[in-house]
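Below, each chain spelled out in residue letters.
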Amino acid sequence: MKTGSAFLSLLLLLLWNAAALAQPPVTSSNDPYTQAQYLDLINSYVEKTVNIYDGSWAYTYITDDKLDMEKLARRVDPSKSFLQSDQIISINGSPPSLERQSRHERRMQRRLQRRQNTKRSIVEEERAREGSEKERFLAMIIPESLHLVKQEGYIHTLEFKGMEDDRKNIYKHLIGTLVLDTKNEFIRELQVRITQPFSPFFIMRIHSGFFSLRFALNNEGLPIQSDATWQLDGHILYLRDLDRNEELNWFDIEKVIPHEEQQRVLSQ
């Protein structure tokens, strides 16, 4: 699962869509920063956050699905050829079955086919997407809605409103929170939660939901995603469950030379 994307691609699914319906802005002469200053901090922190999905980072991640009782571990390494760049390591601590491995290989073959039909490499596509989604996230925040709800030393917890014209029916039912570390200058956590049940589409009903993505500094002092929580209670026409209850962890994150760049150098 890419939880974002750019901030990150995992954020790409949720972070960049993280709108919020917060309480009315509360301002005080004791607030350490103005709204404009907080927006500047958020802008700079978003820009420095590492996107491990840009095709130049290898990483391992575990998805712990608490509803299906399945813990899936995968290794992604763009320095390898495409079909070998995403491998299932284990399922519930054991090697994947032949049937599960075959399904994964077929999925990778379809992804390769789609890539071959495009002109840009995956690295170019991800980096272009990252830039546009960072801009989209920053443009989505309603500046006058941003306000401080709690401060503990250099940890500042903010809430905000956000809106995009084509997603009004979704955004007005969400609340977003950002936890800023002003000492180490990065975003520690993004939270998005549903404030009340709603129907984003006629046949769909969402009862409750919560998403939290957390970041930590790596050995080089760069903020990189570390773990996430994703919960959802919903359905489509009372026939299909949309329920989610997952924990995600990323580790063994390292910078690599993409396979496409390796091949380009060898061909020169």
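**Thoughts on the overall build of the chain**
At step 1: Looking only at helices and strands, one finds six helices and 11 strands in the chain.
At step 2: As displayed, the chain offers around 14,400 Å² of accessible surface, 50% of which is attributable to carbon and sulfur atoms.

**Some details on the pattern of salt bridges**
Pairs can form between side chains of opposite charge whenever their charged atoms are close.
At step 1: Counted according to the given criterion, the structure contains 11 salt bridges.
At step 2: The shortest N-O distance in the salt bridge between D86 and R74 comes to 2.7 Å. Taken together, the positions of D86 in strand β3 (residues 86-91) and R74 in strand β2 (residues 70-76) put the pair 12 residues apart, joining distant regions of the chain.
At step 3: Using a relative accessible area of 16% as the deciding quantity, one classes R74 as buried.
At step 4: Across the pair R75 and E254 runs a salt bridge, and its minimum N-O distance is 3.0 Å. Linking R75 in strand β2 with E254 in strand β11 (residues 244-255), this pair joins segments that are 179 residues apart in sequence.
At step 5: Judged by relative accessible area, R75 falls into the buried class, the value being 18%.
At step 6: Given the relative accessible area of 41%, E254 is considered partly exposed.
At step 7: When salt bridges with common partners are traced through the structure, they connect R74, D86 and R111 into a single cluster.

**Comments concerning helix α2 (residues 35-48)**
At step 1: Between its terminal C-alpha atoms α2 stretches 20 Å, which fits the 20 Å expected from 14 residues at 1.5 Å a residue.
At step 2: Burial in α2 covers these residues: Y38, L41, I42, Y45 and V46. Buried residues of α2, seen end-on, are gathered within an arc of 130 degrees and therefore sit on one face of the element.

**So, the packing of aromatic side chains**
At step 1: Applying the stated criterion to the full structure yields four aromatic pairs.
At step 2: An aromatic cluster is present here, built from Y53, Y59 and Y61 joined pairwise through their rings.

**A word on unusual backbone geometry**
Residues other than glycine predominantly adopt negative phi, and peptide bonds predominantly adopt the trans conformation.
At step 1: One non-glycine residue, E185, lies in the positive phi region at around 60 degrees.
At step 2: Relative to the elements of secondary structure, E185 occurs in the loop between β6 (174-181) and β7 (186-194).
At step 3: Using a relative accessible area of 42% as the deciding quantity, one classes E185 as partly exposed.
At step 4: Although it is not a glycine, D252 sits at a positive phi angle of roughly 50 degrees.

What counts and what doesn't
Residues numbered from 1 in each chain as written. Predicted model: local features only at pLDDT ≥ 70, side-chain atom pairs only at ≥ 80, totals over all residues. Heavy atoms only, no water. Helix = DSSP H or I, 4+ residues; strand = E, 2+ residues; numbered from the N terminus. Areas by Shrake-Rupley, 256 points an atom, 1.4 Å probe, with all protein chains shown as cover. Salt bridge = Lys/Arg side-chain N within 4 Å of Asp/Glu carboxyl O. Buried < 20%, exposed > 50% of the residue type's maximum accessible area, 1.4 Å probe, protein only. Expected span 1.5 Å × (residues − 1). Arc of directions from axis to C-beta. Phe/Tyr/Trp six-rings, centres within 6.5 Å; stacked < 30°, edge-to-face > 60°.

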